[in-house]
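For reference, the chains in residue letters:
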Amino acid sequence: MKSAGKAIAVAWLLTAVYYFYQYVLRSAPAVMMPELSQAFGLSAIGVASLAGLFYYGYSPFSLVAGVALDRWGARTVVPVGAAAVGLGALMFATGSGDIASGGRFVQGAGGVFALLGAVYLATKYFPASRAATLIGATQMFGMAGGFAGQFMVARPSREACPGAASGSTWASPG
């Protein structure tokens, strides 16, 4: 029984880290407005609209995620959501405005499974006396991701990776 408890704790931790990651992606565009405006050829309003597409996916998929978790459980549903976030990030990174827009929507749709998945695990598999602590810790992971997202900027690769020939890449400063 102890190994099952450890497996559930690891599952919750991975889901909380997934929440951290999706929060990085959610908040990063706020500090990349000039770079995104240049990359996509959009005005500030256009970039804000592009970034806001995250919430068009996140909001309705909150209900979908809840129903899916109740029906199929976290083991089946959370990896699908995480894969959607990864796919959305790749779509956003293409540099094509239309594909990036779809990517932001997919990031939001997949991102909602992180918080709901962690809460589902905390309330279903842990003692009720631990639920608030685990949910609070999950929120902490998300807020830390929001904090980390402010350090994401587009920089030329020769600045991000000294010695690189040319081109550009996404990197965090420092």
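Residues numbered from 1 in each chain as written. Predicted model: local features only at pLDDT ≥ 70, side-chain atom pairs only at ≥ 80, totals over all residues. Heavy atoms only, no water.

Draft legend 1. Structural view of the packing of helix α1 (residues 2-27) against helix α6 (residues 128-149). At their nearest, the axes of α1 and α6 sit 7 Å apart, and the two run at 35° to each other. Crossing hand, α1 versus α6: right-handed. Of the residues in α6, those in contact with W12, L13, A16, V17, Y19, F20, Y23, V24 and S27 of α1 are L134, A137, T138, Q139, F141, G142, M143, A144, G145, G146, A148 and G149. For the contact of α1 with α6, the class distribution of residues is 14 nonpolar, seven polar and no charged. (Axes fitted to C-alpha atoms, helices over the stretch in contact; angles between N-to-C directions. Helix = DSSP H or I, 4+ residues; strand = E, 2+ residues; numbered from the N terminus. Left-handed = near helix turned anticlockwise from the far one by under 90°. Contact = heavy atoms within 4.5 Å. Nonpolar A, V, L, I, M, F, W, Y, C, P; charged D, E, K, R; others polar.)

Draft legend 2. Structural view of the side chain of T138. Position of T138 among the secondary structure elements: in helix α6. Not counting the four nearest positions on each side in its chain, T138 is found in contact with W12, Y19, L115 and A118.

Draft legend 3. Structural view of the packing of aromatic side chains. Evaluation of the coordinates by the stated rule reveals seven aromatic pairs. Relative to Y58, the ring of F54 lies with its centre 5.8 Å away and its plane at 25°, an arrangement referred to as stacked. Of the two residues, F54 and Y58 are both situated in helix α3 (residues 44-72); the distance of four residues between them amounts to about one turn of the helix. Here F54 falls in the buried class, since its relative accessible area comes to 1%. Accessibility expressed as a relative area gives 14% for Y58, which makes it buried. Both rings, one in F61 and one in F105, keep their centres 6.4 Å apart while their planes meet at 85°; by these two values the pair is edge-to-face. Here F105 lies in helix α5 (residues 97-125) and F61 lies in helix α3, a separation of 44 residues in the sequence. Residue F61 is classed as partly exposed on the basis of its relative accessible area of 27%. Overall, F105 belongs to the partly exposed group, its relative accessible area being 33%. The structure contains a cluster of three or more aromatic residues connected by ring pairs, namely F54, Y55 and Y58. (Phe/Tyr/Trp six-rings, centres within 6.5 Å; stacked < 30°, edge-to-face > 60°. Buried < 20%, exposed > 50% of the residue type's maximum accessible area, 1.4 Å probe, protein only.)

Draft legend 4. Spatial organisation of the environment of L87. Assignment of secondary structure puts L87 in helix α4 (residues 74-92). Note on L87: relative accessible area 47%, which makes it partly exposed. Sequence separation of L87 and R104 is 17 residues, and the distance between their C-alpha atoms is 9.8 Å.

Draft legend 5. The arrangement of α3 in detail. Look at α3: 41 Å from first C-alpha to last across 29 residues, which is about the 42 Å you get at 1.5 Å a residue. The largest bend in α3 is about 40°, located at F61. Regarding α3, the residues found buried are G46, V47, L50, A51, F54, G57, Y58, A65, A68 and L69. Along its buried surface, α3 packs onto α1, α2 (33-40), α4 and α5. Positioned one or two residues after α3, G73 has a phi angle of 85°, which is positive. (Expected span 1.5 Å × (residues − 1). Bend = angle between axes of the 7 residues up to and from the residue.)

Bear in mind that shape data such as this cannot, by itself, settle questions of function.
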